[in-house]
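As a plain string of letters, each chain reads:
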Amino acid sequence: MMPSLPHSDELIFFVNGRKVIERNADPEVNLLFYVRKRLRLTGTKYSCGGGGCGACTVMVSRYNSMTKTIHHYPATACLVPICSLYGAAVTTVEGVGSIKTRIHPVQERLAKCHGTQCGFCSPGMVMSIYTLLRNHPEPTPEQITKALGGNLCRCTGYRPIVESGKTFCVESTVCELKGSGKCCMDQEDGSLVSRWGKMCTKLYDEDEFQPLDPSQEPIFPPELIRMAKDPNKRRLTFQGERTTWITPATLNDLLELKANFPKAPLVMGNTELGPSIKFKNESHPVFIFPLGLPELHFVNTTGDEGQQQIPLNGPFLERSPEADLKSEEIVSSVYIPYSTQWHFVFGLRMAQRQENAFAIVNAGMSVKFEDGTNTIKKLQMFYGSVGPTTVSASQTCKQLIGRQWDDQMLSDACRWVLDEIYIPPAAEGGMVEYRRTLIISLLFKFYLKVRRGLNQMDPQKFPDIPEKFMSALEDFPIETPQGIQMFQCVDPHQPPQDPVGHPVMHQSAIKHTTGEAVYIDDMPCIDQELFLAPITSTRAHAKIISIDISEALALPGVVDVITAEDVPGDNNYQREIFYAQNEVICVGQIVGTVAADTYAHAREAAKKVKIAYEDIEPRIITIEQALEHNSFLFDEKKIEQGNVEQAFKYVDQIIEGEVHVEGQEHFYMETSSILALPKEEDKEMVLHLGTQYPTRVQEYVAAALNVPRNRIACRMKRTGGAFGGKVAKPAVLGAVSAVAANKTGRPIRFILERGDDMLITAGRHPLLGKYKIGFMNNGVIKAADVKYYVNGGCTPDESEMVVEFIVLKSENAHYIPNFRCRGRACKTNLPSNTAFRGFGFPQGTVVVEAYITAVASQCNLPPEEVKEINMYKRISKTAFKQTFNPEPLRRCWKECLEKSSFYTRKLAAEEFNKKNYWKKRGLAIVPMKFCIGIPTAYYNQAAALVHIYLDGSVLVTHGGCELGQGLYTKMIQVASHELNIPQSYIHLSETSTVTVPNGVFTSGSMGTDINGKAVQNACQTLMARLHPIIRKNPKGKWEDWIAKAFEESISLSATGYFKGYQTNMDWEKGEGNAYPYYVYGAACSEVEVDCLTGAHKLLRTDIFMDAAFSINPTLDIGQVEGAFIQGMGFYTIEELKYSSEGVLYSRSPDDYKIPTVTEIPEEFYVTLVRSQNPIAIYSSKGLGEAGMFLGSSVLFAIYDAVAAARRERGLTKTFVLSSPATPETIRMTCVDQFTDMIPRDDPSTFTPWSIRVS
Ligand SMILES: Cc1cc2nc3c(=O)[nH]c(=O)nc-3n(C[C@H](O)[C@H](O)[C@H](O)COP(=O)(O)OP(=O)(O)OC[C@H]3O[C@@H](n4cnc5c(N)ncnc54)[C@H](O)[C@@H]3O)c2cc1C
Ligand code: FES
Ligand code: FES
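Quick caveat: nothing in here was measured; it's all calculated off a predicted structure.

Quick notes on the rules
- Residues numbered from 1 in each chain as written.
- Chains lettered and ligands numbered in written order.
- Predicted model: local features only at pLDDT ≥ 70, side-chain atom pairs only at ≥ 80, totals over all residues.
- Heavy atoms only, no water.
- Helix = DSSP H or I, 4+ residues; strand = E, 2+ residues; numbered from the N terminus.
- Rg over C-alpha atoms; globule rule 2.2 N^0.38 Å.
- Lys, Arg positive; Asp, Glu negative; His and termini not counted.
- Charge placed at Lys NZ, Arg CZ, Asp CG, Glu CD.
- Near = heavy atom within 4 Å.
- Polar contact = N/O pair within 3.5 Å; in protein donor to acceptor, adjacent residues only side chain to side chain.
- Areas by Shrake-Rupley, 256 points an atom, 1.4 Å probe, with all protein chains shown as cover.
- Nonpolar A, V, L, I, M, F, W, Y, C, P; charged D, E, K, R; others polar.
- Salt bridge = Lys/Arg side-chain N within 4 Å of Asp/Glu carboxyl O.
- Buried < 20%, exposed > 50% of the residue type's maximum accessible area, 1.4 Å probe, protein only.
- Patch = residues over 30% accessible without salt bridge, like charges linked within 9 Å, V, L, I, M, F, W, Y side chains within 5 Å.
- Phe/Tyr/Trp six-rings, centres within 6.5 Å; stacked < 30°, edge-to-face > 60°.
- Lys NZ or Arg CZ within 6 Å of the ring centre and 35° of its normal.
- Disulfide = S-S within 2.5 Å.

### A few points about the overall build of the protein chain
Part 1 of the reasoning: Helix and strand counts for the protein chain stand at 35 helices and 42 strands.
Part 2 of the reasoning: The C-alpha atoms of the protein chain give a radius of gyration of 31 Å, which matches the 33 Å a tight globule of 1254 residues would have.
Part 3 of the reasoning: Averaged over its 130 positive side-chain charges, the protein chain has a centre that lies 3 Å from the centre of its 142 negative ones.

### A few points about the site of ligand 1
Part 1 of the reasoning: As a structural note, the neighbourhood of ligand 1 is formed by 19 residues, with M268, G269, T271, L273 and V331 the closest of them.
Part 2 of the reasoning: Side-chain polar atom of T271 to an oxygen atom of ligand 1: 2.6 Å apart, as the coordinates give it.
Part 3 of the reasoning: In isolation ligand 1 offers 990 Å² of accessible surface; the protein chains occlude 64% of this area.
Part 4 of the reasoning: When grouped by side-chain class, the residues that make up the shell around ligand 1 number 11 nonpolar, six polar and two charged.

### Regarding the pattern of salt bridges
Part 1 of the reasoning: Going through the model one piece at a time under the given rule, you end up with 65 salt bridges.
Part 2 of the reasoning: One salt bridge connects E800 with K637, and the closest N-O pair in it is separated by 2.9 Å. A residue pair is termed long-range when its members are at least 10 positions apart, and E800 in helix α23 (residues 799-808) and K637 in strand β23 (residues 637-641) qualify at 163 residues.
Part 3 of the reasoning: According to the relative accessible area criterion, E800 is partly exposed, its value standing at 30%.
Part 4 of the reasoning: Residue K637 is classed as buried on the basis of its relative accessible area, which comes to 9%.
Part 5 of the reasoning: We note a salt bridge from K1044 to E1048, for which the minimum N-O separation is 3.9 Å.
Part 6 of the reasoning: According to the relative accessible area criterion, K1044 is partly exposed, its value standing at 37%.

### Considering a negative patch on the surface
Part 1 of the reasoning: Taken together, E680, E681, D682 and E684 make up a surface patch of like negative charges.
Part 2 of the reasoning: Tracing the chain through its elements places E681 in the loop between β25 (673-678) and β26 (685-689).

### Topic: the packing of aromatic side chains
Part 1 of the reasoning: In this structure the tally under the stated criterion is 42 aromatic pairs.
Part 2 of the reasoning: Between W405 and F446, the aromatic rings sit 5.7 Å apart at their centres with planes inclined by 90°, giving edge-to-face as the arrangement. With a gap of 41 residues between them, W405 in the loop between α12 (394-400) and α13 (407-420) and F446 in helix α14 (residues 432-457) connect regions that are remote in the sequence. Residue W405 shares its accessibility class with F446, and that shared class is buried.
Part 3 of the reasoning: One cation-aromatic arrangement involves R764 over F836; the distance from NZ or CZ to the ring centre is 4.2 Å.

### Section: a nonpolar patch on the surface
Part 1 of the reasoning: On the surface, L312, L325, V331, V334 and I336 cluster together into a nonpolar patch covering about 460 Å² of accessible area.
Part 2 of the reasoning: Tracing the backbone through its elements, the reader meets L312 in the loop between β9 (286-288) and α11 (314-317).

### Observations concerning the state of the cysteines
Part 1 of the reasoning: Under the definition given, this model contains one disulfide.
Part 2 of the reasoning: Residue C200 pairs covalently with C489 via a disulfide, S to S 2.1 Å. Between C200 and C489, the S-S torsion sits near 125°, and that sign places the bridge as right-handed. Placement of C200 in strand β6 (residues 199-200) and of C489 in the loop between β14 (482-488) and α15 (509-514) is noted, with a sequence separation of 289 residues between them.
Part 3 of the reasoning: C794 takes part in no disulfide bond, and the closest cysteine sulfur, belonging to C586, lies 3.8 Å away.

Remember that the coordinates give geometry; whether it matters functionally is a separate question.
Right under this line is the structure:
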């Protein structure tokens, strides 16, 4: 029932010290929308819209008139309804500081500590640290880490972000030796690293930082204090388009409202309600907002009339109607009694990620004993995430009353609780056997904790738990990460002005942290612009029978619905489909789009489009199904050396196996975003978008519109992360938007919501590797026959190239004399998988390391020994006959073993494992040989355009895209070096098809290599022109020379060109000079695994990466660390869930977990190893992708720990640990009495909730 209310009140709050009076406050409008679109404060970013990423963090401050204090807290603006802000002061990143006024120390330090790459997460990071400092000006490192727990960053790997925060701590734990020129990593020992020159550890200068002065912070608006103190508060009502918001003035008022509107929810934090409304289509005509009522904040123990107590017991938690709140009731306080003597209460939980994650299973358990005994008097066990509500194991508890707290009781309890709590095999959420195991594993933890507690009460009477079980009691603590980064020092003779080799800050870093860096959706609204929402297929393979758009068209604000019929040119270009026509080939395929005056209208209308389908057989989802149906996208790719069949005859042993590697979501923080602007004349169109390949967007848009490419301009300033996901997909999405812009004749803003982006754009290819390996008993591998299959999805995209890369890079660092490798891309009915950092290498190489580990296990040798035995040792030829020198590989490997104290720590881990039954430690070291570039020469070319203006300032343009990797920064360094002018003279504005045509994609770690050479070439051309002038006036200034050149009619603009590395690959022969050069590396990681829950903690990682000469060590270290953490996520916790019908379930940060600050190594050491690489600019190397694979050191360390657990339990040596090693996989592989006890279902009797697609 809608209330009939006469008017809407004025909503009054403050934003950044300025009063906001909103006369038409709509309860459905959230603060993020309001600040971005109404107030035009675009520093606060949209990334997930559901409270899960922290990009939209702001600070909300309120005055509490009872305590007379101001309370500051961070809030995710996407979940804050504006109506909840009456009387509050909001601070956004713009209110903290700006380049135009004064930057705040938090912003300055985050930038100068190199805590930004793409910068999209940076305003949220600033706000989380800033809010902490407002409450605690001298925080502890732990407070910094905790404050950042809800903020996701996909680029940096968090280490520099935490480090910037730690500079505010009194006891800074940033390496004390930083800046001293000497390092605890001991560089004076004649090590191979230091042979190449002095190593530095100083990436920034703390002396430059402004001090934090809390007295300079803005004051809380006095008007809001007056409002809060006003004794005559009255009820407030805000009437929106569809809903009403009521803020009661008193508790009685609230009760009256609840009686009048019993179904109206009470909005408190809105963190449950908000996501339900947004993502589950929940709707409410009335909201009641009682947050300001003191009665809900201060417990009145006297008990008022009308109050009643509801016991927090089983029926209540299970939401049984008779025990639940009546609709007109509210909770005014929760009373949690202190536990008494002989009473033990514990909460236990397991989640995919340590912080910011819903529990996979959680439990609350309490036991009360007869005084002085271990006889159970009262027992309660509640479990969460095992059914639709909290579940009480009440029968089990009842049966156990009177029993002693001993092993027999535990054994019975486990059996009974499994009988009582049944999770059906096809239960929503999946992980059924794991959840069943957790039910009893958590019970066992509780049992141990209580036994320990009893022992502490009376050690004589109650023996303690075995020493070996002690470590099972505690969860992993959250530690503040620390570490050291080492890189080569710049030659002391290098001119001070020359920035090459210095850790120069990202050129946009300050703009990132102040929120002034402009991304696509930050661009101001354009007259007449329309918002686009996609209509996507709900079937994996079906005929489209009809599309009914009538209801959608009738909705307010809707201008048009666009479908395949509206594409004037090619709708199916290079086998990529823009709008589905006649049939759909995956869930998530774009069938149409709705263009409307607001995004909300477009989205509502998209839901109303009715599409009738008729399923088509076959529906192919997995690689296995594709193999059954012989469904492939391309022909097989193969390389071979030696005589594989012959070699198998003479080896001591042969093993065969399979490795499954699941896919990965890019999860760039800025979702795919496009602004398409049709021009009045000549069918011209301009597209602003985030892409790694503007040329491809131009090509696809021209094809879709049937116009020459010279009418289409693609402009790209920066994007909030890409990781390969913005190479191919923006071309399709660009075409989709351009068709809409063309049809409506109006500007189109197409900003994908996180869920749509995850669904439509797909990600890394899942892979199945099948191997047969022949080897000698001493671990020498003589023959390998390996087949790779990737799940390419429904269209070609980049799958052919991905397979080529997998095959060419499939030997990694190992020489196998008889080697055959084949690869094929399967065609399935999944959204088309695409490029992703490492381009197949991170998947394929896991298979290599897995079979080497399996060989080691068979030979009873440590894996590192077998890796070393089989590693390339001298100048050699790859399996495709390209010559290379693995010397830096051997150095990285040796350094990594030595500096990580690998062998000593391995012994220590073995000792730890002997003493601990339920926690195990594991170490692994992985070597890496990674090829840079593309085997097709013309993809390695690049061009640049450099203008010198008459004031001496320089504008550089090139074909590369700024994705956060710092390409523009490095190009400034190159231009500064070549033109011999300060960096401040040089500007890069954007990348555009107008200034530099036909640019190739920015990927393959080649951005700096090829664009750097092109910029260098242009600068050298200009310097050659200026040379006579400089010679005549050598003491003159740059500005004088430029003025003179103009007077002499010398052109001050030049193009630069790099023809590219002359690579080639002949697939007929399986031979070629496929890559220009190789990057080598090694990483060692140590983990601790909780065998009872499957959780793991990354204790330490050491990375040695061959960087040759780093043009900018901080950017390169940023790439190495960021890629490593992204790789670690890929190999451990990131898990895409698909139904057997091809529906992707994981479409938000709630159900797809990328690493947060708590997942990164507690100790993190990164060294850039010096080598030579004359082929590349300034003898540098491209490091964008290589670090990704090094994340697999964590996977293999987990493998090592799990193997230790299994050995102790007497289980077979070799086992299959696929990727990712999720908590579920770890737990279920650590087989024990609990995994043996759970009920198992016959797989043929049910369809699981989710399936593996690799
Ligand atoms: C990113 C993210 C992560 C999360 N992680 C977790 C997690 O790990 N574990 C977890 O359990 N939850 C998690 N949640 C869910 C949510 O935060 C919690 O359930 C939280 O307790 C909800 O509190 P709220 O104040 O925001 O509730 P709201 O969303 O404001 O309200 C929730 C419901 O409670 C009712 N209600 C509120 N106050 C009263 C009252 N006084 N009397 C009667 N009814 C009332 C409302 O009517 C409404 O139906 C997460 C949410 C987000 C967005
Ligand atoms: S938390 Fe608000 S956009 Fe992600
Ligand atoms: S810098 Fe953090 S997401 Fe890009």
